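The lines below spell out each chain.
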Amino acid sequence: MNEIKCNVTNCMYHSGTTNCTAKEVQVASQCKKEPCKCSETECGTFAPKN
Ligand code: SF4
């Protein structure tokens, strides 16, 4: 059972309810230094729904 909770409903891996259906998720830093806030990381597996 996948336990990744996500609210990005326009992602092709989103279940349509509250969770992610991808087998694995890559989380990436979005800043040049080490991240220190939630907003400085994001899901690199995201792919928009068509
Ligand atoms: S791949 Fe990332 S953005 Fe997409 S549903 Fe899963 S956790 Fe959310």
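Everything in this summary refers to the structure shown in the same document.

Reading guide: rules and limits
Residues numbered from 1 in each chain as written. Predicted model: local features only at pLDDT ≥ 70, side-chain atom pairs only at ≥ 80, totals over all residues. Helix = DSSP H or I, 4+ residues; strand = E, 2+ residues; numbered from the N terminus. Buried ≥ 20, exposed ≤ 12 C-beta atoms within 10 Å, placed from the backbone. Contact = placed C-beta atoms within 7 Å. Near = placed C-beta within 6 Å. Nonpolar A, V, L, I, M, F, W, Y, C, P; charged D, E, K, R; others polar.

Before going further, it helps to spend a moment on the overall build of the protein chain. Helix and strand counts for the protein chain stand at 0 helices and 2 strands. Taken over the C-alpha atoms alone, the protein chain extends approximately 35 × 25 × 15 Å along its principal axes. When burial is assessed residue by residue, the protein chain has 2% of its 50 residues classed as buried. Taking all contacts inside the protein chain whose residues are at least 6 apart in sequence as the whole, residues at least 24 apart take part in 23%.

Residues in contact with the ligand, as listed here, are I4, C6, V8, C11, Y13, H14, C20, A22, V25, C43, T45 and F46. Residue classes in the shell around the ligand are distributed as 10 nonpolar, 2 polar and no charged.

Turning to the environment of C11, a few remarks are in order. Considering the arrangement of structural elements, one finds C11 in the segment before β1 (27–29). With 23 residues separating them in the primary sequence, C11 and E34 have C-alpha atoms 26 Å apart. Residues in contact with C11, not counting those within four places in the same chain, are F46, A47, P48 and K49.

Its place among the elements puts C6 in the segment before β1. Look at C6 and you get partly exposed, because 18 C-beta atoms sit within 10 Å. Distance in space between the C-alpha atoms of C6 and G16 is 9.9 Å, their sequence separation being 10 residues. With near-sequence residues (within four places) excluded, C6 lies in contact with H14, N19 and C20.

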